[in-house]
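# Breakdown of the fold
The primary structure of each chain is shown beneath.
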Amino acid sequence: MDLLATTSAVAVSSYALLSTIYKSAQALYAQPTNPSSLQNDLEQAGVVLPSVDVIVPCFNEDPNTLSECLASIASQDYAGKLRVIVVDDGSANRDLLGPVHKIYASDPRFRIILMAKNVGKRKAQIAAIRSSSGDLVLNVDSDTILAVDVVTKLVSKMQDPDVGAAMGQLVASNRNETWLTKLIDMEYWLACNEERAAQARFGAVMCCCGPCAMYRRSALALLLDQYETQFFRGKPSDFGEDRLLTILMLKAGFRTEYVPDAIAATVVPDSLGPYLRQQLRWARSTFRDTFLALRLLPELDRYLTLDVVGQNLGPLLLALSSLAALAQFVIGGSVAWWTVLTIAAMTMVRCSVAAFRARDMRFLGFSLHTPINIFLLLPMKAYALCTLSNSDWLSRKVMVASDGENKAVIPHAATGISSARSGVSSAAICKPGLSHRASSVAATESVCGPERSSAYK
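Residues numbered from 1 in each chain as written. Predicted model: local features only at pLDDT ≥ 70, side-chain atom pairs only at ≥ 80, totals over all residues. Heavy atoms only, no water.

### Focus: the overall build of the protein
Within the protein, the regular secondary structure consists of 14 helices and ten strands. The buried share among the 457 residues of the protein stands at 52%. Taking the intrachain contacts of the protein between residues at least 6 apart in sequence as the baseline, contacts between residues at least 24 apart amount to 86%. Accessible surface, the protein: about 20200 Å² in total, of which carbon and sulfur atoms supply 60%. (Helix = DSSP H or I, 4+ residues; strand = E, 2+ residues; numbered from the N terminus. Buried < 20%, exposed > 50% of the residue type's maximum accessible area, 1.4 Å probe, protein only. Contact = heavy atoms within 4.5 Å. Areas by Shrake-Rupley, 256 points an atom, 1.4 Å probe, with all protein chains shown as cover.)

### Details of the environment of Ala27
As for its placement among the helices and strands, Ala27 is situated in helix α1 (residues 2–29). A sequence separation of 330 residues divides Ala27 from Arg357, and the C-alpha atoms of the two residues are 9.1 Å apart.

### Details of the packing of aromatic side chains
Each aromatic ring pair is summarised here by two numbers: the centre-to-centre distance and the angle between the ring planes. Enumeration according to the criterion identifies five aromatic pairs in this entry. Plain terms: the ring middles of Phe202 and Tyr303 are 5.6 Å apart, the flat faces sit at 25° to each other, and that makes the pair stacked. Here Tyr303 lies in helix α11 (residues 302–332) and Phe202 lies in the loop between α7 (179–200) and β7 (212–216), a separation of 101 residues in the sequence. Judged by relative accessible area, Phe202 falls into the partly exposed class, the value being 24%. We classify Tyr303 as buried; its relative accessible area is 4%. Among the aromatic residues, those joined into a ring-pair cluster are Tyr29, Phe202 and Tyr303. Taking NZ or CZ as reference, Arg359 lies 4.7 Å from the ring centre of Phe356, over its face. (Phe/Tyr/Trp six-rings, centres within 6.5 Å; stacked < 30°, edge-to-face > 60°. Lys NZ or Arg CZ within 6 Å of the ring centre and 35° of its normal.)

### Section: the sheet that holds strand β5 (residues 144–146)
Here eight strands make up an open sheet; going across it, the order is β3-β2-β1-β4-β7-β6-β10-β5 and the pairing mixed. If you trace the sheet from one side to the other, it starts and ends with β3 (110–114) and β5, each paired once. Direction aside, neighbouring strands of the sheet carry axes that sit 30° apart on average. In the sheet, strand β6 (residues 163–172) pairs with strand β10 (residues 255–266) via nine bridges, with the strands oriented parallel. Bridge pairing in β10 links Leu170 to Ala264. Lying over the sheet, helix α5 (residues 121–130) contacts β1 (52–58), β2 (82–88) and β4 (136–140), oriented at roughly 150° with respect to β1. (Pairing = 2+ DSSP bridges. Axes fitted to C-alpha atoms, helices over the stretch in contact; angles between N-to-C directions.)

### Things to note about the confidence of the model for the protein
Looking at the protein as a whole, its pLDDT mean stands at 84, while 80% of the residues score no less than 70. Contacts of residues 397–428 to residues separated by more than four positions or lying in other chains number 65 contacts, the stretch itself having pLDDT below 50. Across residues 430–457 the pLDDT falls below 50, and counting only partners more than four positions away or on other chains, this stretch makes 62 contacts in the model. (pLDDT = per-residue confidence, 0-100.)

### Overview of the packing of helix α8 (residues 217–228) against helix α9 (residues 241–251)
When two helices pack together, their arrangement is given by the angle between the helix axes and by the axis-to-axis distance. Where α8 meets α9, the closest approach of the two axes is 10 Å, and the angle between their N-to-C directions is 120°. Our classification of the angle between α8 and α9 gives oblique. By crossing handedness, the relation of α8 to α9 is classed as right-handed. Where α8 abuts α9, its residues Ala219, Leu220, Leu223, Gln226 and Tyr227 lie against Glu241, Leu244, Leu245, Leu248 and Met249. The class makeup of the residues in the contact of α8 with α9 is eight nonpolar, one polar and one charged. (Parallel < 35°, antiparallel > 145°, perpendicular 65-115°, else oblique. Left-handed = near helix turned anticlockwise from the far one by under 90°. Nonpolar A, V, L, I, M, F, W, Y, C, P; charged D, E, K, R; others polar.)

### Some details on the nonpolar core
Counting residues in hydrophobic clusters, the biggest one holds 110 residues, and the most contacted among them are Val52, Val56 and Leu138. The biggest single contributor to this core is α7, with eleven residues. Excluding residues that lie within four positions of it along the chain, Val52 makes contacts with Tyr78, Lys81, Leu82, Arg83, Leu136, Leu138, Val151, Val155 and Met214. In this structure, Val12, Leu317, Leu318 and Leu378 belong to the second largest nonpolar core, which totals eight residues. (Core = buried A, V, L, I, M, F, W, Y, C linked by side-chain atoms within 4.5 Å.)

### Brief notes about the side chain of Asp88
Looking at the element boundaries, Asp88 is found in strand β2. According to the relative accessible area criterion, Asp88 is buried, its value standing at 0%. A distance of 2.9 Å separates a polar side-chain atom of Asp88 from the backbone nitrogen of Ser91. The residues contacting Asp88, other than those within four sequence positions of it, are Cys58, Arg94, Leu97, His101, Ile113, Leu114 and Met115. (Polar contact = N/O pair within 3.5 Å; in protein donor to acceptor, adjacent residues only side chain to side chain.)

### Remarks on the pattern of salt bridges
Scanning the entire structure with this criterion turns up 15 salt bridges. A salt bridge links Lys153 to Asp261; its shortest N-O distance comes to 3.3 Å. Here Lys153, found in helix α6 (residues 150–158), pairs with Asp261, found in strand β10; they are 108 residues apart in sequence, far enough to count as distant. You can call Lys153 buried: its relative accessible area is 16%. Notably, a salt bridge pairs Arg255 with Glu257, separated by 2.9 Å at the nearest N-O pair. A cluster of three or more residues bridged by salt bridges with shared partners is formed by Arg175, Asp185, Asp360 and Arg362. (Salt bridge = Lys/Arg side-chain N within 4 Å of Asp/Glu carboxyl O.)

Take a look at the structure:
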């Protein structure tokens with residue numbers, strides 16, 4: 001009993017010390033700096049804006065969700081050349097998606113690629129990148145809605161030739177649906193405005209998240225072979241594409257950045273089952289690519305080393321203290337009060353700081369994440385570590401409506417985005433003061449039909 005109590009106390013004390021140092025440094029470096037003048041440069045006359053290709057891979061997506069995504073892209077308030085490549089990766093519900101494809105195929109900025117069969121997100125994405133010609137490439141998930149100025153905001157950051165990738169701020173579009181979506185929305189805020197914001201201070205965001213990330217195409221062209229041929233223990237790796245691309249950019253000597261005012265609203269899991277499957281996939285990806293990131297640390301600021309240690313050693317210490325405390329309770333019936341009170345105190349301090357920084361008292365409710373983390377996420381991460389070779393997406397299941405369940409798809413006009421997502425008002429995404437002018441682009445071939453699918457196998 002004394003051994004268990006000592007182990008729990010030492011582990012939780014070490015966790016508290018490490019977490020205090022790490023989170024204090026993170027909060028310090030996450031403070032916003034003076035805005036760049038590049039945004040103003042974009043508005044000056046005579047500035048040649050880079051061309052942007054937006055890539056949207058989709059698989060078995062809900063037609064209305066895809067329509068909202070594409071409408072938000074069509075509505076971008078960007079004065080430069082904008083093209084959109086939508087890659088349908090062999091969706092089984094293509095008959096339901098057909099009306100959406102048809103509408104956007106008539107827009108000269110859009111090109112629809114229909115893959116003959118499902119090849120996976122990474123290969124579908126690569127097919128689109130290789131057929132692109134823009135100076136910059138913006139990857140957008142098919143369940144994500146962009147604010148009208150996202151492209152402009154990200155391009156302003158990418159005007160610096162040393163920047164190879166930049167991501168926007170993610171929010172949950174379905175935030176108000178369940179208690180879990182509210183929790184995930186807060187989790188996204190913390191991940192973006194604490195973790196990524198602090199990393200961006202040193203030009204080394206370690207993962208430019210997939211729902212909304214912009215890349216320099218000339219750099220992508222040099223990295224695509226490495227990206228496409230990633231293997232883990234002899235098996236092809238098909239998830240974690242955002243983290244790998246970011247690490248490859250850093251290895252190539254480019255900076256990676258975070259743009260907090262480029263807002264993208266994405267759909268998040270609304271129940272524990274899909275959420276845990278998503279977290280399992282992300283955990284496997286993180287463990288795999290952390291080994292690549294370790295090689296970069298000597299070339300980066302010392303804070304990034306602290307960041308990696310805090311994110312990996314911290315959960316290990318928390319798991320050890322929790323296991324020892326649980327064993328102490330089961331075997332001897334005594335409660336490890338030092339461990340319980342320390343974890344509770346650390347939780348309330350973190351939530352209070354987040355509520356202060358976000359100017360939002362709802363972050364006090366993020367304390368609910370602590371028991372979920374201890375009793376669900378930490379065991380799941382242990383399982384992920386033991387099953388690293390598994391590359392199953394887990395969440396991308398075939399969803400086809402029966403004959404009697406086909407629903408009409410109501411396309412959204414290119415002049416606005418529906419606020420169908422209950423958690424995010426249209427004002428939070430579509431900023432009312434901006435006009436939705438069309439990009440001045442040369443007409444490109446629009447393809448919508450199976451006759452071209454074989455070219456992109």
